[in-house]
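Take a look at the letters that make up each chain.
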Amino acid sequence: MKELVCKCGHINKEGSELCQQCGRTLTEQAEQRKTSDVMRYEGMARRSQTYKRSVIDRIWNFFSSVKVGVWLIVITLIASAIGTIFPQELFIPRNIDPAAYYEDRYGLAGKIYYVLGFHNLYGSWWYMLLIAAIGTSIIIASLDRGVPLYKALKNQRVERHGSFLKRQRIYSEYAIDNPMTKLDEIGAGLEKKKYKIRKEDNHLLAEKGRFSRWGPYVNHTGLIIFLIGAMLRFVPGMYVDETLWIREGETLIVPGTDQQYFLENKGFTLETYNEGQDSEVFDATLERVGPVAKNFQTDAVLYKREEGDIAGSANREMDPLFEQPIQVNVPLKFDGFALYQTDYIENEIHKMSFTLENKDTGETFGEFSVDLFSPELDGVYELSEGYQVEMMGIYPDFSGFEDGEPQSASPLPNNPAFLFKMITPDKPDGEVAFIGIQQNLEPLGENEYALSFSGLETRDVSGLTVRKDLTLWILALGGAIFMIGVVQGAYWNHRRIWLKAGEDGKLYVAGHTNKNWFGLKKDLTASFEGTDLAIPEDHQELKDSKGMAKEEQERGTTGQH
């Protein structure tokens, strides 16, 4: 690594733009650059500007680039936007293969969407890799700039070379008889403005608001913590957001609890607003849209599997932990989990009853019931002596025939249909019938016997959301730290004023701030009050005013022509 030796004799690291001893510029490039750009990191050498040989150096330099960080964020935002084109896997029917669902519904675009992992965007390996890359970029870019900045500000010198002072945007020199006296007077005025004063011989440094320089790095710290919290959501046990559909009378495992907890639905209650009985405010709405839910709740009992019980078994002999109705905005909470009432289905078909009869005489030979959720496939329903019905097939959500075969769109009993074989004493080989809602088909020819609906049992289904979030406090902490950094960097600024009583009888004054030059000039105005000295000049304003004057002069000259 090369070393840069300043005229003052101080040895600076390669990549430094300003001498850390006196403030002189060390390279021609630094001399040509704007002072504000050079002063951004106090002219210190950064690792990315110094080490460029090994693989580690190249990786460091790649992620330390602000452009790379911005592009990573842009790519992540574009990917997130594409992920909203089609619904995520979480929102498609759970009983359908996602690969088939996206291709059947959205064609080639859906297939590509699935193959590239956009169907489960936030859990895909490449999206997590992008998040990790953004976090790596933030960490490396912060270290690459923050460490040199910390060293430079911690060890900044009071004495600065004249060339350093002259490069500042605010700079003036005064030929006076008593420069040291004026230096002390101005220093006292700055001290009243809450500046921290450091004095060495005939040099003075007044500084205020240094902590604001760390606002962006506090921002980065908050972002890193936030990203860690977001990535922890994919660690098993840290975050659960599942849907549990549970029917009246059922006892099911609570998702995400590692088969430790069971929930029993003892009953579902739905209350609606009644026109004329509730507030008159609702009457107009009820007339327009019909019944509106006032309250719907699940009367639930929570069980916990004891050690030694068979995992996954809904053991009704277990002692209940507690019993509580689950209502909207009144969840059941336990062991970090919360069960929310979010949806319901009324009058779902549970059992269907059929009667076997002779079509000509109308004589009946018995009745049987089919449990749509526990059908006896290939089972035989015994009726009166010599009469029986064999279950050949069940289609809970009948959607039509394909190549002569009945199809079911889903396992839910939305439109149940059945294929039965009716065995009677005079028809020992049996007759085949296809029974559906408003359908009674005889696929093998006309039958002598028929099955007819004789009854229906329904029950309500509760839709519960199971939530557990152990990352919430991490996300909140990251967000709070981020906002602290925003306030720290937005509402304060780092102001510095250098004064030098020269041996030539002149007083030199220079000022710099990372932003809010108006505030710095206001402080200078207050501190120069009573000293009989003019306020230091803002060379940027002078340059702008000269440019405007020249432009107006050129316009006037053009007008005369």
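Attention here is on the structure that accompanies the text.

1. Examining the packing of helix 5 (residues 66-82) against helix 7 (residues 125-154)
Right, on to step 1. The contact between helix 5 and helix 7 brings their axes to 10 Å, and the two run at 155°. Here helix 7 runs roughly antiparallel to helix 5, going by the angle between their axes. The way helix 5 lies across helix 7 gives a crossing that is left-handed. Side by side, helix 5 and helix 7 meet where Val66, Gly69, Leu72, Ile73, Ile75, Thr76, Ala79 and Ser80 of the first sit next to Trp126, Tyr127, Leu130, Ile131, Ala133, Ile134, Ser137 and Arg145 of the second.
Right, on to step 2. Looking at the contact of helix 5 with helix 7 residue by residue, the classes come out as 11 nonpolar, four polar and one charged.

2. Examining the state of the cysteines
Right, on to step 1. One pass over the full model with this rule turns up zero disulfides.
Right, on to step 2. Cysteine Cys8 is unpaired, with the sulfur of Cys19 as its nearest cysteine sulfur at 3.6 Å.
Right, on to step 3. The exposure class of Cys8 is partly exposed, given its relative accessible area of 36%.
Right, on to step 4. The structure places no disulfide on Cys22, whose sulfur is separated from the nearest cysteine sulfur, that of Cys6, by 3.6 Å.
Right, on to step 5. We classify Cys22 as buried; its relative accessible area is 8%.

3. Considering the sheet that holds strand 23 (residues 506-513)
Right, on to step 1. Strand order in the open sheet formed by six strands is 4-5-22-23-3-24, with antiparallel pairing between adjacent strands. Looking at strand neighbours, the two that pair on one side only are strand 4 (196-200) and strand 24 (537-538), the edges of this open sheet.
Right, on to step 2. Here two bridges tie strand 3 (residues 170-175) to strand 24, and the two strands are oriented antiparallel to one another. By the bridge assignment for strand 24, Ile170 is matched with Asp538.
Right, on to step 3. Lying on the sheet, helix 9 (residues 179-192) is in contact with strand 4, strand 5 (203-208), strand 22 (495-501) and strand 23; it crosses strand 22 at an angle near 160°.
Right, on to step 4. Where helix 13 (residues 517-528) meets the sheet, its contacts fall on strand 3, strand 5, strand 22, strand 23 and strand 24, and the angle it forms with strand 23 comes to roughly 150°.

4. Side note on the packing of aromatic side chains
Right, on to step 1. Scanning the entire structure with this criterion turns up 35 aromatic pairs.
Right, on to step 2. For the pair Tyr395 and Phe434, a centre-to-centre distance of 6.2 Å together with 40° between the ring planes defines the contact as tilted. Taken together, the residues span a long stretch of sequence, with Tyr395 in strand 15 (residues 388-395) and Phe434 in strand 19 (residues 427-436) at a distance of 39 residues. Phe434 shares its class with Tyr395; the two are buried.
Right, on to step 3. Seen in terms of ring centroids, Phe401 and Phe434 are 5.3 Å apart; in terms of plane orientation they differ by 55°. Their pairing is tilted. Linking Phe401 in strand 16 (residues 398-402) with Phe434 in strand 19, this pair joins segments that are 33 residues apart in sequence.
Right, on to step 4. Exposure remark for Phe434: the relative accessible area of 2% places this residue in the buried category.
Right, on to step 5. Put simply, the rings of Phe86, Tyr101, Tyr102, Tyr106, Tyr113, Tyr114, Phe118, Tyr122, Trp126 and Tyr127 touch in pairs and so form one group of aromatic residues.
Right, on to step 6. For the cation-ring pair, Arg459 lies above Phe373, with the distance from its terminal atom to the ring centre recorded as 5.0 Å.
Right, on to step 7. Stacked on the ring of Tyr508, the Lys or Arg Lys500 has its end atom at 5.8 Å from the ring centre.

5. A few points about the sheet that holds strand 10 (residues 320-327)
Right, on to step 1. An order of 7-8-9-10 is seen for the four strands of this open sheet, with the pairing classed as antiparallel. Taken across any chain shown, the strands that pair with only one partner, and hence form the sheet edges, are strand 7 (251-253) and strand 10. Pairs of neighbouring strands in the sheet enclose a mean axial angle of 30°, with direction left out of account.
Right, on to step 2. In this structure, strand 7 lies alongside strand 8 (residues 261-272), joined through three bridges in antiparallel fashion. Residue pairing for strand 8: Leu252 is matched across the bridge by Leu263.

6. Overview of the pattern of salt bridges
Right, on to step 1. Here the structure, examined in full by the defined rule, presents 22 salt bridges.
Right, on to step 2. Note that Asp144 and Arg145 form a salt bridge whose closest N and O atoms lie 3.9 Å from each other.
Right, on to step 3. Owing to a relative accessible area of 1%, Asp144 belongs among the buried residues under this scheme.
Right, on to step 4. Residues joined in a network through salt bridges with shared partners are Arg169, Lys521, Asp538 and Glu541.

What counts as what
- Residues numbered from 1 in each chain as written.
- Predicted model: local features only at pLDDT ≥ 70, side-chain atom pairs only at ≥ 80, totals over all residues.
- Heavy atoms only, no water.
- Axes fitted to C-alpha atoms, helices over the stretch in contact; angles between N-to-C directions.
- Helix = DSSP H or I, 4+ residues; strand = E, 2+ residues; numbered from the N terminus.
- Parallel < 35°, antiparallel > 145°, perpendicular 65-115°, else oblique.
- Left-handed = near helix turned anticlockwise from the far one by under 90°.
- Contact = heavy atoms within 4.5 Å.
- Nonpolar A, V, L, I, M, F, W, Y, C, P; charged D, E, K, R; others polar.
- Disulfide = S-S within 2.5 Å.
- Buried < 20%, exposed > 50% of the residue type's maximum accessible area, 1.4 Å probe, protein only.
- Pairing = 2+ DSSP bridges.
- Phe/Tyr/Trp six-rings, centres within 6.5 Å; stacked < 30°, edge-to-face > 60°.
- Lys NZ or Arg CZ within 6 Å of the ring centre and 35° of its normal.
- Salt bridge = Lys/Arg side-chain N within 4 Å of Asp/Glu carboxyl O.

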